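Single-letter residue listing:
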Amino acid sequence: MIEEYFISEDTLMLLPLSKNETKILDISGEYIIEKNIFEVVDESCQYYGSTYNGRYISAKKTLDMDYKLPIIIDEVKEVVLFPTCSPKLENCIWICVNNVENYIKNNKVSVIKFTNGVSSELNISINTLENQILRATMLLMKLKKRKSNPKKIGV
């Protein structure tokens, strides 16, 4: 059991274990933390200079959507997470799009393969997974575009 964890470019996925425990899959291994997923996500947003609510509002405005939104955790390293369902639900899993290598349909579930070779079976449809990856990729692409071509004042 670890006491602190900040989401980074090494994070693969966050899974709820209970109301107060989260399993973290990271490039370097698996960890259990005695915090719920929202606490881990919000504390990570704060660590990088914002809050979950601030990141949510930004994603909402950037994507012109308002449900199951991906969020930017770290703008500098361009770390983006997406939820598998409504973040308000206890079974919501958060996945780091940066580390998704591939995904396939396996009967009624989806299997996601990460860049380090780890695979994980998710109890969501392939269509939901594809849609969430698309949203997260779009947010990441817009972030990169803004960073490489910032708007000028008054223009």
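Residues numbered from 1 in each chain as written. Predicted model: local features only at pLDDT ≥ 70, side-chain atom pairs only at ≥ 80, totals over all residues. Heavy atoms only, no water.

Enquirer: Explain the pairing of strand β7 (residues 100-106) residue by residue, including any values.
Expert: Here six bridges tie β7 to strand β8 (residues 109-114), and the two strands are oriented antiparallel to one another. Paired with Asn 102 across the bridge in β8 is Lys 113. (Pairing = 2+ DSSP bridges. Helix = DSSP H or I, 4+ residues; strand = E, 2+ residues; numbered from the N terminus.)

Enquirer: A description of the sheet that holds strand β1 (residues 11-18) should follow, citing residues and the corresponding values.
Expert: Taken together, six strands build an open sheet; the order of strands is β3-β2-β1-β6-β5-β4 and the sheet is antiparallel. Since the sheet does not close on itself, it has two edges, and those belong to β3 (29-33) and β4 (71-74), each with one partner. Averaged over all neighbouring strand pairs, the angle between strand axes comes to 25°, with direction disregarded. Two elements, β1 and strand β6 (residues 94-96), share two bridges in a ladder whose sense is antiparallel. Residue pairing for β6: Leu 14 is matched across the bridge by Trp 94. Those strands touched by helix α1 (residues 37-47) are β1, β2 (21-26), β3, β4, β5 (79-83) and β6, and its axis lies near 60° from that of β4. (Axes fitted to C-alpha atoms, helices over the stretch in contact; angles between N-to-C directions. Contact = heavy atoms within 4.5 Å.)

Enquirer: Before we move on, could you go through the packing of helix α2 (residues 52-63) against helix α3 (residues 126-148) and cite the residues and values that matter?
Expert: Their axes nearest at 10 Å, the elements α2 and α3 cross at an angle of 90°. Of the possible angle classes, the one that applies to α2 and α3 is roughly perpendicular. Contacts from Ala 59, Thr 62 and Leu 63 of α2 reach α3 at Arg 135, Met 138, Leu 139, Lys 142 and Arg 146. Of the residues in the contact of α2 with α3, the class split is four nonpolar, one polar and three charged. (Parallel < 35°, antiparallel > 145°, perpendicular 65-115°, else oblique. Nonpolar A, V, L, I, M, F, W, Y, C, P; charged D, E, K, R; others polar.)

Enquirer: Any details on the pairing of β3? Residues and values, ideally.
Expert: In this structure, β2 lies alongside β3, joined through five bridges in antiparallel fashion. Residue pairing in the sheet places Leu 25 in a bridge with Glu 30 of β3. The turn joining β2 and β3, which pair antiparallel and follow one another in sequence, is formed by two residues.

Enquirer: Requested: an account of α3, with residues and values cited.
Expert: Counting along an α-helix, one turn takes 3.6 residues, and residues three or four places apart therefore face a common direction. Between its terminal C-alpha atoms α3 stretches 32 Å, which fits the 33 Å expected from 23 residues at 1.5 Å a residue. Taken residue by residue, α3 has Ile 126, Leu 129, Gln 132, Ile 133, Arg 135, Ala 136, Leu 139, Leu 140 and Leu 143 as its buried positions. (Expected span 1.5 Å × (residues − 1). Buried < 20%, exposed > 50% of the residue type's maximum accessible area, 1.4 Å probe, protein only.)

Enquirer: Outline unusual backbone geometry, supporting the account with residue identities and numerical values.
Expert: One non-glycine residue, Lys 68, lies in positive phi territory at about 50°. Looking at Lys 68, the relative accessible area reads 22%, which means it is partly exposed. Backbone geometry places Glu 78, a non-glycine residue, at a positive phi of 60°. Checked against the element boundaries, Glu 78 lands in the loop between β4 and β5. Residue classification places Glu 78 among the buried residues on the basis of a relative accessible area of 17%.

Remember, this is a structural readout, not a statement about activity or role.
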